[in-house]
Amino acid sequence: MCGIVGYIGSDYAKEKVIDGLRRLEYRGYDSAGIAMPVSGAIQITKAVGELKNLEAKISDPAFDAPVAIGHTRWATHGKPTELNAHPHGNMDNSIAIVHNGIIENYQELREWLAEEYGIKFKSETDSEVIAHLIGLYYDGDLLDAVNKAVEEMRGAYAVAAMAAAEPDKIVAVRKDAPLVVGAGNGFNMIASDVPALLKYTRDVYFIENNETVVLTKDSVVIYDENGNEVQRDIQAVEWKADAADKAEYDHFMLKEIHEQPKVIQETLLNRLNPDDSIKLDDISMTKEDIDNFNKIYIIACGTAYHAGLVGKMVIEKMTKIPVEIDVASEFRYRDTFIDDKTLFIAISQSGETLDTLAALRDAKDRGARILSVVNAVGSSIARESHDVFYTLAGPEVAVASTKAYTTQLICMYLIGLYMGSTKGTIDKEYYDFMLKELKDLPGKVDRILLSEEKYKKLAERYHFNDHVFFIGRGLDSGVSYEGSLKLKEISYIHSFAIAAGELKHGTIALMDKDSLVVALATQDRLYEKMVSNIVEVQARGAHIIGLAKEGKTEIEKTSDEVIYIPQCADEVAPVLAVIPLQIFAYYVALEKGCNIDKPKNLAKSVTVE
Ligand code: M6R
């Protein structure tokens with residue numbers, strides 16, 4: 001989605017804003033722009049394509065202002081053109097705004113502004129109405145004008161605005177789109193996401209829904225929707241400044257794949273007391289609370305949903321509570337059975353996915369207890385949940401999620417073990433066994449990463465395939481969905497995942513000598529059944545890459561290639577099985593020359609429906 005960065009201080013604002021926008025590139029964009037006061041007027045500069053096109057246009061020292069707001073746009077309303085790029089100005093550019101989100105009533109507002117006030121629109125966007133509304137209400141007080149404009153707007157927005165007559169301030173407002181302020185010494189910044197700020201400050205204020213904030217170079221004042229000043233503590237973000245750099249890797253995705261042993265370890269070990277009991281951060285879920293739950297819903301989108309597929313099976317097994325899993329965009333429009341005996345688990349890396357957030361709000365209104373598993377500290381989903389359990393994955397920049405997924409899985413195990421041991425549905429022997437299995441994971445992931453060259457060779461051999469199928473049973477079917485998503489989203493190869501037992505009910509009709517089948521067979525009790533499924537597709541001429549635990553060599557008879565993962569309990573096999581699939585997808589995309597970190601048509605954080 002779009003990225004917003006604003007800076008106000010004494011330094012060259014354009015450098016900070018461009019640098020911040022570059023750190024938000026992972027959100028996806030097709031054009032960019034910047035507004036700054038130059039010689040008493042607001043100068044708006046825009047460029048289609050990469051940020052360097054914009055940079056070239058503002059290299060002149062005339063653009064050396066100490067305040068600027070910038071934006072990277074991901075086209076929704078109107079094509080990716082310069083006119084549609086942000087910032088947008090009012091008629092005489094005395095006001096400039098950048099916007100992330102969607103103004104739902106923009107058509108109505110456009111007609112009203114055009115008919116009543118003769119306003120001529122320069123772009124096709126929904127966002128431009130915001131600049132004109134603020135311009136209409138502006139009477140020397142930008143804060144007041146923004147507040148009045150917001151009253152007319154419906155939809156989701158994070159907006160940063162500036163006025164030519166008040167070049168010493170930026171005013172920003174948010175509703176259902178993220179906004180964070182970075183507080184510095186002699187400067188302040190505003191952005192849609194923390195990585196944009198990390199190079200300059202780690203002291204942040206998370207802006208809440210319906211709040212407005214006024215930034216000058218020396219102050220940050222936050223107001224609630226009634227105009228009352230809000231006292232908010234600064235939060236120190238622990239992410240390191242270089243956490244959002246590529247280091248020695250060619251792509252963020254590869255770097256993030258290699259970070260998995262470390263982040264799995266951190267997500268796990270930070271939650272274990274010296275006696276190996278689990279502490280779920282600040283979550284106080286008592287035995288009474290857990291006994292009260294008669295159902296659990298896990299709701300998420302994309303990769304987070306795939307982590308939930310594993311979570312469902314694991315938590316159900318450990319707690320003996322029925323667990324339903326659904327994608328948020330479906331769940332929202334279903335007739336569900338939510339009440340005060342429901343535990344609702346939302347999983348989200350960004351914590352800003354609109355569908356997940358909307359489902360959460362609905363469940364909360366209906367009395368469910370909300371536990372979110374989130375990576376981005378202070379994000380909307382985290383703030384609106386009763387309890388938050390953070391995946392300690394650090395910033396995930398590549399659009400294709402990797403380390404967020406494996407740390408989400410760790411959280412699923414910890415939640416299951418915590419609830420099961422508190423409720424008494426698992427015994428000490430099983431608990432100790434599972435903890436040992438979990439603690440062994442970082443070392444085993446390290447071992448898998450040592451075979452990177454092998455997965456690369458497989459990618460070189462199979463990247464010509466136009467159709468790839470991922471099959472598995474039990475927990476492997478959940479991992480199949482994730483392996484398939486990784487491949488399709490970064491290499492654009494058509495791939496399809498299916499529970500292996502379902503093959504013969506239709507999909508097997510597609511199998512022929514041009515099909516590549518990645519067959520996951522890590523589940524001991526389903527191994528033989530899985531081998532039978534592999535035989536079925538082999539008989540239709542498909543090429544097979546089998547994936548099994550070391551020692552399970554039977555699969556070699558029916559596969560063209562076999563990937564082995566270290567021996568482990570079936571429950572934790574998804575954490576290991578997904579790593580070769582991530583690397584395979586990465587190298588296939590590399591072979592095909594794709595834009596790995598920023599695949600076409602995709603954005604990191606999906607803050608629209
Ligand atoms: O930030 P979230 O975890 O809520 O995002 C959910 C999906 O949009 C996300 O996992 C998406 O599917 C990724 N591109 C997958 O790699």
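Fair warning: this is a prediction, and the values are worked out from it, not measured in the lab.

1. Observations concerning the packing of helix α14 (residues 428-449) against helix α18 (residues 573-591)
As a packed pair, α14 and α18 sit with axes 10 Å apart at the nearest point and diverge in direction by 25°. Overall, the two elements α14 and α18 adopt an arrangement that is roughly parallel. The two elements α14 and α18 cross, and the hand of that crossing is right-handed. Every residue of α18 that contacts α14 at L441, K444, V445, I448 and L449 is listed here: V575, L576, I579, P580 and I583. Class assignment for the residues of the contact of α14 with α18 results in nine nonpolar, no polar and one charged.

2. Observations regarding the layout of surface pockets
The space that makes up the second largest pocket amounts to roughly 560 Å³. C301, G302, A603, K604 and V606 are, among the 28 residues lining the second largest pocket, the residues nearest its centre. Examining the composition of the lining of the second largest pocket, we find that three residues originate from one element, helix α9 (residues 302-319), more than from any other. Counted by class, the lining of the second largest pocket contains 12 nonpolar, 12 polar and four charged residues.

3. Describing the packing of α9 against helix α16 (residues 475-491)
Here α9 crosses α16 at 175°, and the two axes come no closer than 9 Å. Regarding the angle of α9 to α16, the classification is roughly antiparallel. On α16, the residues touching G302, T303, H306, L309, V310, M313 and V314 of α9 are L475, S477, G478, Y481, E482, L485 and K486. Class assignment of the residues belonging to the contact of α9 with α16 gives a composition of seven nonpolar, five polar and two charged.

4. Some points on the state of the cysteines
Across all of its chains, the model carries zero disulfides by this definition. Considering cysteine sulfurs only, C301 is the nearest to C411, which forms no disulfide, with 18 Å between them. Exposure remark for C411: the relative accessible area of 0% places this residue in the buried category. Just so you know, C568 is unpaired, no disulfide at all, and the nearest cysteine sulfur is the one on C411, 19 Å from it. Judged by relative accessible area, which is 7%, C568 ranks as buried.

5. Observations concerning the nonpolar core
By size, the foremost hydrophobic cluster in this structure holds 94 residues, and its most contacted members are I345, Y413, L417, M419 and L438. Apart from the residues lying within four places of it in its own chain, the contact partners of L417 are I278, M318, I426, Y430, Y431, M434, L435 and L438. One finds M36, L51, A191 and V237 within the second-largest nonpolar core, a separate group that totals 30 residues.

6. A word on the site of the ligand
Taken together, 14 residues form the shell around the ligand, and within it S348, Q349, S350, T353 and E489 come nearest. At 3.1 Å from an oxygen atom of the ligand is found a main-chain nitrogen or oxygen belonging to T303. Residue S350 places a side-chain N or O atom 2.6 Å away from an oxygen atom belonging to the ligand. In the complex, 91% of the free accessible area of the ligand, which totals 410 Å², lies under the protein chains. Most atoms of the ligand, that is more than half of them, are within 2 Å of grid points of the second largest pocket. Elements represented by at least two residues in the shell around the ligand include exactly α9 and α16.

7. Points about the pattern of salt bridges
Applying the stated rule across the entire model yields 40 salt bridges. The partner of K557 in a salt bridge is E554, and the shortest N-O contact between them spans 3.3 Å. Note on E554: relative accessible area 41%, which makes it partly exposed.

8. Structural notes on the pairing of strand β20 (residues 387-390)
Side chains of β20 alternate between two faces, with D387 and F389 and V388 and Y390 buried alike. Here strand β19 (residues 369-374) runs beside β20; their pairing, made up of four bridges, is parallel. Of the residues in β20, the one forming a bridge with V373 is F389.

Conventions and cut-offs
Residues numbered from 1 in each chain as written. Predicted model: local features only at pLDDT ≥ 70, side-chain atom pairs only at ≥ 80, totals over all residues. Heavy atoms only, no water. Axes fitted to C-alpha atoms, helices over the stretch in contact; angles between N-to-C directions. Helix = DSSP H or I, 4+ residues; strand = E, 2+ residues; numbered from the N terminus. Parallel < 35°, antiparallel > 145°, perpendicular 65-115°, else oblique. Left-handed = near helix turned anticlockwise from the far one by under 90°. Contact = heavy atoms within 4.5 Å. Nonpolar A, V, L, I, M, F, W, Y, C, P; charged D, E, K, R; others polar. 1 Å grid on protein atoms, 1.4 Å probe; cavity = no way out; pocket = protein on both sides within 12 Å on 5 of 7 lines; lining within 4 Å. Points joined across faces, edges and corners; volume = space filled by probe spheres on them. Disulfide = S-S within 2.5 Å. Buried < 20%, exposed > 50% of the residue type's maximum accessible area, 1.4 Å probe, protein only. Core = buried A, V, L, I, M, F, W, Y, C linked by side-chain atoms within 4.5 Å. Near = heavy atom within 4 Å. Polar contact = N/O pair within 3.5 Å; in protein donor to acceptor, adjacent residues only side chain to side chain. Areas by Shrake-Rupley, 256 points an atom, 1.4 Å probe, with all protein chains shown as cover. Sits in = over half its atoms within 2 Å of the grid points. Salt bridge = Lys/Arg side-chain N within 4 Å of Asp/Glu carboxyl O. Pairing = 2+ DSSP bridges.

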